[in-house]
Amino acid sequence: MSENKEADLTAANTENKAAKKKRVFSGVQPTGRLVLGNYLGAVKNWVPMQDENECCFCVVDQHSITVRQDPKELRQRCLDFLTLYIACGLDPDKSLIYFQSHVPAHAQLAWVLNCYTYMGELSRMTQFKEKSLKHQDNINAGLFTYPVLMAADILLYQTDLVPVGIDQKQHLEIAQIIAKRFNGAYGDVFRIPEAIIPKVGAKIMSLQDPTSKMSKSDVNPKAYIAVLDEPDTIIKKMKSAVTDSDGKVEYGDGKDGINNLLTIYSVATGESIESTQARFANLGYGDFKMQVAEAVVELLRPVREKYYDLKKNEDYVKSVYTKSADVANKIAGRTMDKVYKKIGFIAR
Ligand code: AQP
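1. Quick look at helix α5 (residues 105–114)
- Turning to α5, its buried residues number three or more, namely Ala105, His106, Leu109, Ala110, Val112 and Leu113. Axial view of α5: buried residues confined to an arc of 160°, hence all on one face.

2. Describing the pattern of salt bridges
- Scanning the model with the defined rule gives 17 salt bridges in all.
- A salt bridge links Asp229 to Lys237; the shortest N-O distance between them is 2.7 Å.
- For Asp229, a relative accessible area of 5% corresponds to the buried category.
- Lys237 gets classed as buried once you look at its relative accessible area, which sits at 8%.
- A salt bridge links Asp309 to Lys312; its shortest N-O distance comes to 3.3 Å.
- Residues joined by salt bridges that share partners form a network here, namely Arg33, Asp229 and Lys237.

3. Observations regarding the packing of helix α9 (residues 146–155) against helix α10 (residues 169–186)
- The contact between α9 and α10 brings their axes to 9 Å, and the two run at 70°. Regarding the angle of α9 to α10, the classification is roughly perpendicular. Crossing handedness for the pair α9 and α10: right-handed. Within the contact between the two elements, α9 uses Tyr146, Pro147, Met150, Ala151, Ile154 and Leu155 and α10 uses His171, Leu172, Ile174, Ala175, Ile178 and Ala179.
- Among the residues forming the contact of α9 with α10, the class breakdown is eleven nonpolar, one polar and no charged.

4. Notes on the packing of helix α11 (residues 231–239) against helix α14 (residues 285–311)
- Interaxial distance between α11 and α14 falls to 9 Å at its minimum, and their mutual angle equals 150°. What the angle tells us is that α11 and α14 run roughly antiparallel. Here the hand of the crossing between α11 and α14 comes out right-handed. Contacts between α11 and α14 involve Pro231, Ile234, Ile235, Met238 and Lys239 from the former and Lys289, Met290, Val292, Ala293, Val296, Val297, Leu300 and Arg304 from the latter.
- Counted by class, the contact of α11 with α14 contains ten nonpolar, no polar and three charged residues.

5. Focus: the domain arrangement of the chain
- If you check the domain split of the chain, you get domain 1 (20–197 + 314–343) and domain 2 (221–310).
- Between the C-alpha centres of domain 1 and domain 2 the distance comes to 29 Å.
- Contact with domain 1, which involves 16 residues of that partner, is made by 15 residues of domain 2.
- Summed over both partners, the interface of domain 1 with domain 2 buries about 1,500 Å², with 74% contributed by carbon and sulfur atoms.
- Of all residues in domain 1, the largest losses of buried area upon contact with domain 2 belong to Arg33, Leu36 and Ala87, amounting jointly to 36% of the total for that side.
- Here Arg33 makes a salt bridge to Asp229, at a shortest N to O gap of 3.1 Å.
- Viewed at the interface, domain 2 and domain 1 are joined by four residue pairs in polar contact (both at pLDDT 80 or more).
- For the side of domain 1 that touches domain 2, the secondary-structure elements that each account for two or more residues are α2 (36–46), α4 (71–87) and α15 (314–343).
- Broken down by element, the residue count for the side of domain 1 that touches domain 2 peaks at five residues, all from α4.

6. Let's talk about the nonpolar core
- Membership of the largest hydrophobic core comes to 62 residues, with the highest contact counts inside it found for Leu36, Tyr39, Met238, Ile264, Val296 and Leu300.
- The element that contributes the greatest number of residues to this core is α14, accounting for twelve residues.
- Taken together, domain 1 (20–197 + 314–343) and domain 2 (221–310) each give at least three residues to this core, which thus spans both.
- Aside from chain neighbours lying at most four places away, what touches Val296 is Leu36, Ile225, Ile234, Met238 and Ile264.
- By size, the runner-up hydrophobic cluster in this structure holds 45 residues, among which are Leu143, Ile154, Ile178 and Val327.

7. Let's talk about the site of the ligand
- Thr31, Lys131, Asp167, Lys216 and Ser217 are the nearest of the 24 residues found near the ligand.
- Between Thr31 and the ligand, the recorded distance is 2.5 Å, taken from a side-chain N or O atom to an oxygen atom.
- When the ligand sits alone it has 640 Å² of accessible area, and the protein chains cover 97% of it.
- Broken down by secondary-structure element, the contributors of at least two residues to the shell around the ligand are β1 (22–28), α2 and α7 (126–134).
- Here the shell around the ligand gets four residues from one element, more than from any other, and that element is α2.
- Considering only residue class, the shell around the ligand consists of seven nonpolar, twelve polar and five charged.

8. A few points about the environment of Glu54
- Mapped onto the elements of the fold, Glu54 is located in strand β2 (residues 53–59).
- For the pair Glu54 and Phe288, spaced 234 residues apart in the sequence, the C-alpha separation amounts to 40 Å.
- Side chain to side chain, Glu54 and Arg23 meet in a polar contact 2.7 Å long.

9. Things to note about the confidence of the model for the chain
- Averaged over every residue, the pLDDT of the chain is 94; residues scoring 70 or more account for 95%.
- Ignoring residues within four places in sequence, the model shows residues 1–15, a span with pLDDT below 50, making 27 contacts including any to other chains.

Reading guide: rules and limits
Residues numbered from 1 in each chain as written. Predicted model: local features only at pLDDT ≥ 70, side-chain atom pairs only at ≥ 80, totals over all residues. Heavy atoms only, no water. Buried < 20%, exposed > 50% of the residue type's maximum accessible area, 1.4 Å probe, protein only. Helix = DSSP H or I, 4+ residues; strand = E, 2+ residues; numbered from the N terminus. Arc of directions from axis to C-beta. Salt bridge = Lys/Arg side-chain N within 4 Å of Asp/Glu carboxyl O. Axes fitted to C-alpha atoms, helices over the stretch in contact; angles between N-to-C directions. Parallel < 35°, antiparallel > 145°, perpendicular 65-115°, else oblique. Left-handed = near helix turned anticlockwise from the far one by under 90°. Contact = heavy atoms within 4.5 Å. Nonpolar A, V, L, I, M, F, W, Y, C, P; charged D, E, K, R; others polar. Domains from an automatic or database assignment. Buried area = accessible area lost by both parts, 1.4 Å probe. Polar contact = N/O pair within 3.5 Å; in protein donor to acceptor, adjacent residues only side chain to side chain. Core = buried A, V, L, I, M, F, W, Y, C linked by side-chain atoms within 4.5 Å. Near = heavy atom within 4 Å. Areas by Shrake-Rupley, 256 points an atom, 1.4 Å probe, with all protein chains shown as cover. pLDDT = per-residue confidence, 0-100.

Structure representation (structure tokens):
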């Protein structure tokens, strides 16, 4: 990012209202390999937002340690995620692309907001309940207060729009509640963010259990397609996708597997589900799965190619996240100054 762009973005923090540009924030936690669900439900939708808005895209590494991570693997994954963000089409000349842990204000604001969030509210969070069941040996306080850190991520940048999959809707709602509560006590400190959830593809399901969400931390790699999977692997995984015994390529009740594949095809190609369904109505499941697999291979091919190109230029990737974090720190610092002043801390 050029010096001028940096100056533009910093100034824009206070003036983005006047410039009528909206601020966008979103992120993915590096808890596994970036998967088709994350891509279709979130990252792919970030790309077109860059032209009209001021965007902050973060690899939310601090969130990932709510579940135990191997340090060496985590370090590699963080870099891979950031590189993949660029490979997916995020443009360092338009957006800030950085690591959450490089902006200490995320954790600072999270502490403040913890004091404005109730235990009862956090105990109702679906993700906390699900992850507590999955990791019964490690139900840590960070897992419980995850939504508060997420609220801090968003509110820190005076965010207007948060493009996410449907599973994050509840977390967005609590971020709004916390922001309104804080504003109610101290005046207009935070902008109230709005979730942007895609109409189709907001919840891509597991290929092995189509009643559950496709997740990057799934222990069964056949359950997901990783964005960097090779074409052969994508085809194999798609062929082994669980469907039903009814044999009809139709969207409907009790057809979770087929519904999921129709959705994936529709989002991958831009063709509506109705028209996809009509076109494949006479195909057997084997042939239909091949069509879906090929659409996904073509969708992900340019991402994979760009990723391997970028891997050859680690200095460039480093310059992106370093410069972006410098700007993000400035924007975040302004909100933190305001917050500390409002709550009664002495200015340094
Ligand atoms: N299956 C999905 N379909 C559509 N969107 C999805 N997202 C996640 N899974 C799907 C969206 O991807 C973004 C990043 O998610 P996250 O990393 O913050 O955590 P998550 O929602 O818990 O995603 P995972 O893949 O299921 O991670 P793990 O396995 O670590 O729990 C979000 O916008 C999310 O909505």
